[in-house]
Amino acid sequence: MTSHPYSDLTPEKVMDAIETLGYICDARVFPLNSYENRVYQVGIEEEQPLIAKFYRPGRWSKECIQEEHNFLLELQQQELPVIAPIVVNDKSLFEYSGFYFAIFKRQGGHAPELSSDNDLELLGRWLGQLHNIGSSRNFIHRPTIRGADDLVLAEQQVLSSDLMPPDYNPAYTSLMADLTKELQQRYQPDSFASLRLHGDLHTGNLLLRNEELYMVDFDDCLQGPAMQDIWMLLSGERHEQQQQLMTIAEGYEMFRQFPSQELQLVEALRTLRIARYAAWLCQRWQDPAFPQAFPWLESHQFWSQHILSLREQLAALREPAIELIRFN
């Protein structure tokens, strides 16, 4: 079995990479929780530690990563609360021993309580500004949400991995065919505005520190509808989600019209996330970190629950979309 590229990324190599930028490491290298990339806190002599992010080889092109950095730097310049890469000698993306990497200021914090109207309204304001900036130009190299095409690709990735027990194949393929038909009808990319997005904005990618709310981890930034950055912030029963929408929209509309017409996309976007999560795990199974972290992927229980979740999504797609309730 061939070794995984990350097996060559030793602490010594991490420090050597950082020192090519003019820093002097103090030999303290701590791995941080990250599956897709490898992220480390690196001690620097007589300075605060840095966060070093080593991108998964082969996942993104240099141009893709640079577009992520440029977006972050643009947002930072407009004073949005993001953590942009540190620029050294007019560069934010570096290469060492076959790895692209970037460095960031260390930023602590904790996930916000999105049940708080204050946090939701503040987040709405930041999203309105982010989407204004995101709509000023398109990504050229980053992915675009394609709807049914993305669902078909996820199915192919799952089936080609042979990780799903064979007895689930007929139910899975039949269900994915039905979901694909629904998404072909409900998610038509030409029917809504497409803009640069965070792309993966859930509570795990929000940090609250000293009453400042930061949006972090733009690794999945892409082109698509504004609703992609909104729907994952909703939780609870339908009436609770409607109340959350009202609060987010109140902040959002200080800067930009809230995309109410895109609420019909929420269940389609949720379906894509569920399907692509399983496909992502299957794609990454050769990385030793994944079988250790997700040992249940080959179990009947996981695939039974996954198919049940997709069935629930098929029903949700056929229900009326959630609405934004406005009071005059």
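Calculation criteria
- Residues numbered from 1 in each chain as written.
- Predicted model: local features only at pLDDT ≥ 70, side-chain atom pairs only at ≥ 80, totals over all residues.
- Heavy atoms only, no water.
- Phe/Tyr/Trp six-rings, centres within 6.5 Å; stacked < 30°, edge-to-face > 60°.
- Helix = DSSP H or I, 4+ residues; strand = E, 2+ residues; numbered from the N terminus.
- Buried < 20%, exposed > 50% of the residue type's maximum accessible area, 1.4 Å probe, protein only.
- Lys NZ or Arg CZ within 6 Å of the ring centre and 35° of its normal.
- Expected span 1.5 Å × (residues − 1).
- Contact = heavy atoms within 4.5 Å.
- Pairing = 2+ DSSP bridges.
- Axes fitted to C-alpha atoms, helices over the stretch in contact; angles between N-to-C directions.

Concerning the packing of aromatic side chains
Part 1 of the argument: Scanning all chains against the criterion turns up 18 aromatic pairs.
Part 2 of the argument: The interplanar angle of 10 degrees and the centroid separation of 6.0 Å between the aromatic rings of Tyr6 and Phe99 together place this pair among those described as stacked. Taken as a pair, Tyr6 in the segment before α1 (11-19) and Phe99 in strand β5 (residues 99-105) lie far apart in primary sequence, 93 residues in all. Exposure class is identical for Tyr6 and Phe99. Each is buried.
Part 3 of the argument: Judged by centre distance (4.9 Å) and plane angle (80 degrees), the ring pair of Phe302 and Trp303 falls under edge-to-face.
Part 4 of the argument: A relative accessible area of 14% means that Phe302 is categorised as buried.
Part 5 of the argument: The ring of Phe139 is capped by Arg196, whose NZ or CZ atom sits 5.9 Å from the centre of that ring.

Things to note about unusual backbone geometry
Part 1 of the argument: The phi dihedral of Glu79 is positive, around 70 degrees, even though this residue is not glycine.
Part 2 of the argument: As for its position among the elements, Glu79 is in the loop between α2 (62-77) and β4 (94-96).

Observations concerning α2
Part 1 of the argument: With 16 residues, α2 should reach 22 Å at 1.5 Å per residue; the first-to-last C-alpha distance of 22 Å fits that figure.
Part 2 of the argument: When α2 is considered as a whole, its buried residues turn out to be Cys64, Ile65, Glu67, Glu68, His69, Phe71, Leu72, Glu74 and Leu75.
Part 3 of the argument: Where the residues of α2 are buried, they touch β3 (47-54), β5, α3 (117-134) and β6 (195-197).
Part 4 of the argument: The positive-phi residue at the C-terminal boundary of α2 is Glu79, with phi of around 70 degrees.

With respect to the sheet that holds strand β2 (residues 38-44)
Part 1 of the argument: Taking strand neighbours across the sheet as the criterion, the five strands line up as β1-β2-β3-β5-β4 in an open arrangement whose pairing is antiparallel. Across the chains shown, the open sheet's two edge strands, defined by having one partner strand only, are β1 (25-32) and β4. Direction aside, the axes of adjacent strands within the sheet are offset by 35 degrees on average.
Part 2 of the argument: Looking at chain direction, β3 and β5 are connected through five bridges and run antiparallel. When the bridges of β5 are listed, Lys53 appears paired with Ala102.

Considering the pairing of β2
Part 1 of the argument: Burial within β2 is extensive, with seven of its seven residues counted as buried.
Part 2 of the argument: Side chains of β2 alternate between two faces, with Arg38, Tyr40, Val42 and Ile44 and Val39, Gln41 and Gly43 buried alike.
Part 3 of the argument: Judged from the five bridges that link them, β1 and β2 form a sheet pairing that is antiparallel. Bridge pairing in β2 places Val29 opposite Val42.
Part 4 of the argument: Between β2 and β3, which pair antiparallel and follow one another directly, the connecting turn spans two residues, one of which, Glu46, has a positive phi of 60 degrees.

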